[in-house]
Amino acid sequence: REGIFMQVFLVILSLVLLMFLCFKGVPIFFSAIISGFFLLITAGMNPAQYITSDYISGLSGYFGQFFFIFVLGSIFGKLTDISGAADAVAKSIIDKLGEKAIIPSIIIAGAILTYGGVSVFVCMFTLYPLMVSLFKRGNISRTLIPAVYFAGAGTFTGMMPGSPSIQNLVPARILETPPTAAFVPGMITALFEAILVFIFTIWYVEYTKKKGLNFVMTAKDEQMMNIKNERKLPSFIISIIPMIFLLIALNGFKLEAEVALFIGCVSALVFYFKNIEWKGIWKHLNSGAMDGIGALFNTSAVVGFGTLVKATPAFNTMIESITHIGGSPLIASGIAITVMAGVCGSGSGGLGVVLPIIKDAFGSVVNLQALHRVASMASLGLDSLPHNGLVVSVLNVTENDHKHSYFPVFIITCVIPLISLDRKSGSAGM
């Protein structure tokens, strides 16, 4: 019994090592390989054998399974960016709501863009110059730009039924469920989370104003605003048509995610025709594809590590323990995915590692649509800890740092989603 306990402890220690290396800025592929070697050696297994077989099969399997979802999703986001469509949608919403509703307008703009299929990375560059302009007018500290951005683009839309986000499409593919799985409870939970996000973000902005924090323009802010102001944008209606086509293809006609994303890309090329610089189109399409491949490879590298964990003698003991957490498979699944997403610093990475295992363990005793929605929500809980790639990118791009900007980001992207997950999985498990 002590031997089994020690084996489980060493597996957990390898996960801690993976998280530590990610925190230290070691690229995820190397973090996964180093942690994998530690895992195998301490388990008394041959690293050369399992790295070249199990690890590669796990990595390549995930890479192949989700290749077109990642690549086409990234290309669609790139087309909305280079055409100015994402800017047009955000600007139209913000102009309509006016300066008196600065924070709600930014959150709504980010939510519409991400639910419409625009990636969170593209959304960041779209909203940043608009936020700078509005924060300047409202004298809101620019240290809050990351938090307000995440409030709209990085919370409830990722787990909403019907969303073309990776966090919704990965469970659909693994569990063979529709993107609209658990539609009514999913939408209710998304609304609950959105309300909490709005309340906290608006309150925190007012709190910082009372503390005397003011807006301070940087040279980069001015440069970015000037570049955006020079662009000729498509109309709001033209901008959202490809997004609507994507959502209808995915949820109305229930086409495969790859097909729906392809339709979105083709319709973007057609409707954004006048606003695309066609001389450089192949460069932009290639850039979008490479961005998608890079994100997919990083996720696949972590999935390969999960395959190694599955091969260890301690794996079955861990699964048996997880099965009895909280007495509910949904609660156990939510905890497991949340923890792994935090370790990986990636929601899709956490899903890729844990969800196939959960499907094998609980697939016959749990409602798969409920599991889909819980998994989607759980992947957005601890995924945005300080070592998360998007968190680091947003802080760098907006010229902020963890010390001054991360606390409200943590509340908005970790605490509130975990509260919402507890509400959802707890009620579902009854």
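Residues numbered from 1 in each chain as written. Predicted model: local features only at pLDDT ≥ 70, side-chain atom pairs only at ≥ 80, totals over all residues. Heavy atoms only, no water.

This brings us to helix H12 (residues 236-252). Within an α-helix, residues lying three or four positions from one another point in the same direction, as the helix has 3.6 residues per turn. Here H12 spans 22 Å end to end across 17 residues, near enough to the 24 Å set by a 1.5 Å rise per residue. Along H12, the sharpest kink reaches roughly 25°, centred on Pro 242. Along H12, the residues that are buried comprise Ser 239, Ile 240, Ile 241, Pro 242, Met 243, Leu 246, Leu 247, Ala 249, Leu 250 and Asn 251. Immediately downstream of H12, the backbone of Lys 254 shows phi near 55°, a positive value. (Helix = DSSP H or I, 4+ residues; strand = E, 2+ residues; numbered from the N terminus. Expected span 1.5 Å × (residues − 1). Bend = angle between axes of the 7 residues up to and from the residue. Buried < 20%, exposed > 50% of the residue type's maximum accessible area, 1.4 Å probe, protein only.)

Moving on to helix H7 (residues 145-153). Most of H7 sits out of view: nine of its nine residues are buried. Taken residue by residue, H7 has Ile 145, Pro 146, Ala 147, Val 148, Tyr 149, Phe 150, Ala 151, Gly 152 and Ala 153 as its buried positions.

The next thing to look at is the packing of aromatic side chains. All told, the structure shown has 15 aromatic pairs when counted by the stated rule. Look at Tyr 204 and Phe 407: their rings are 6.1 Å apart centre to centre, the planes differ by 45°, and that puts the pair in the tilted class. Pair noted here: Tyr 204 is in helix H10 (residues 183-210) and Phe 407 is in helix H20 (residues 402-428), with a separation of 203 residues, a long-range link. An angle of 40° between the planes, with centres 5.1 Å apart, marks the rings of Phe 273 and Trp 278 as tilted. By relative accessible area, which is 35% here, Trp 278 ends up partly exposed. (Phe/Tyr/Trp six-rings, centres within 6.5 Å; stacked < 30°, edge-to-face > 60°.)

A cluster of nonpolar residues, Phe 5, Met 6, Phe 9, Ile 12, Leu 13 and Val 16, forms a patch on the protein surface that exposes about 560 Å² of accessible area. Following the sequence through the fold, Val 16 ends up in helix H1 (residues 2-23). (Patch = residues over 30% accessible without salt bridge, like charges linked within 9 Å, V, L, I, M, F, W, Y side chains within 5 Å. Areas by Shrake-Rupley, 256 points an atom, 1.4 Å probe, with all protein chains shown as cover. Salt bridge = Lys/Arg side-chain N within 4 Å of Asp/Glu carboxyl O.)

Counted under the stated rule, the structure contains six salt bridges. Where Arg 173 meets Glu 256, a salt bridge forms, and the shortest distance between an N and an O atom there is 3.5 Å. With Arg 173 in helix H9 (residues 166-175) and Glu 256 in the loop between H12 and helix H13 (257-271), this residue pair connects regions lying 83 residues apart in the sequence. For the salt bridge of Asp 360 with Lys 310, the shortest nitrogen-to-oxygen distance reads 3.5 Å. Pair noted here: Asp 360 is in helix H17 (residues 347-362) and Lys 310 is in helix H14 (residues 281-311), with a separation of 50 residues, a long-range link. Given the relative accessible area of 59%, Asp 360 is considered exposed. Connected via shared salt-bridge partners are Arg 142, Asp 221 and Glu 399.

Core analysis: the largest hydrophobic core is formed by 135 residues, its most contacted members being Leu 79, Phe 135 and Tyr 149. A total of 13 residues in this core trace back to one element, the largest contributor, which is helix H3 (residues 47-82). Phe 135 has contacts with Ile 103, Ile 106, Ile 140, Ser 141, Arg 142, Leu 144, Ile 145, Val 148 and Phe 215, leaving out every residue within four places of it along the chain. (Core = buried A, V, L, I, M, F, W, Y, C linked by side-chain atoms within 4.5 Å. Contact = heavy atoms within 4.5 Å.)

This part is about the side chain of Thr 338. Mapped onto the fold, Thr 338 is located in helix H16 (residues 329-344). At 2.7 Å, the side chain of Thr 338 forms a polar contact with the backbone oxygen of Gly 334. (Polar contact = N/O pair within 3.5 Å; in protein donor to acceptor, adjacent residues only side chain to side chain.)

Bringing unusual backbone geometry into the picture now. Among all residues except glycine, the phi angle is most often negative; among peptide bonds, the trans geometry is most common. Residue Glu 176 is not a glycine yet carries a positive backbone phi of 60°. You can see Glu 176 is positioned in the loop between H9 and H10. Unusually for a residue other than glycine, Glu 399 sits at a positive phi of about 60°. With respect to the helices and strands, the residue Glu 399 is situated in the loop between helix H19 (389-397) and H20. Owing to a relative accessible area of 39%, Glu 399 belongs among the partly exposed residues under this scheme.

For the rest of this paragraph, the subject is the environment of Val 197. The topology assignment puts Val 197 in helix H10. Spatially, the C-alpha atoms of Val 197 and Phe 150 are 9.7 Å apart, while their sequence positions differ by 47 residues. If near-sequence neighbours (up to four positions away) are discounted, Val 197 is found in contact with Ala 151, Thr 155, Ile 412 and Ile 416.

This part takes up the side chain of Ser 141. Along the chain, the position of Ser 141 falls in the loop between helix H6 (120-138) and H7. Within the structure, Ser 141 has its side chain in polar contact with the side chain of Thr 143 (distance 2.7 Å).

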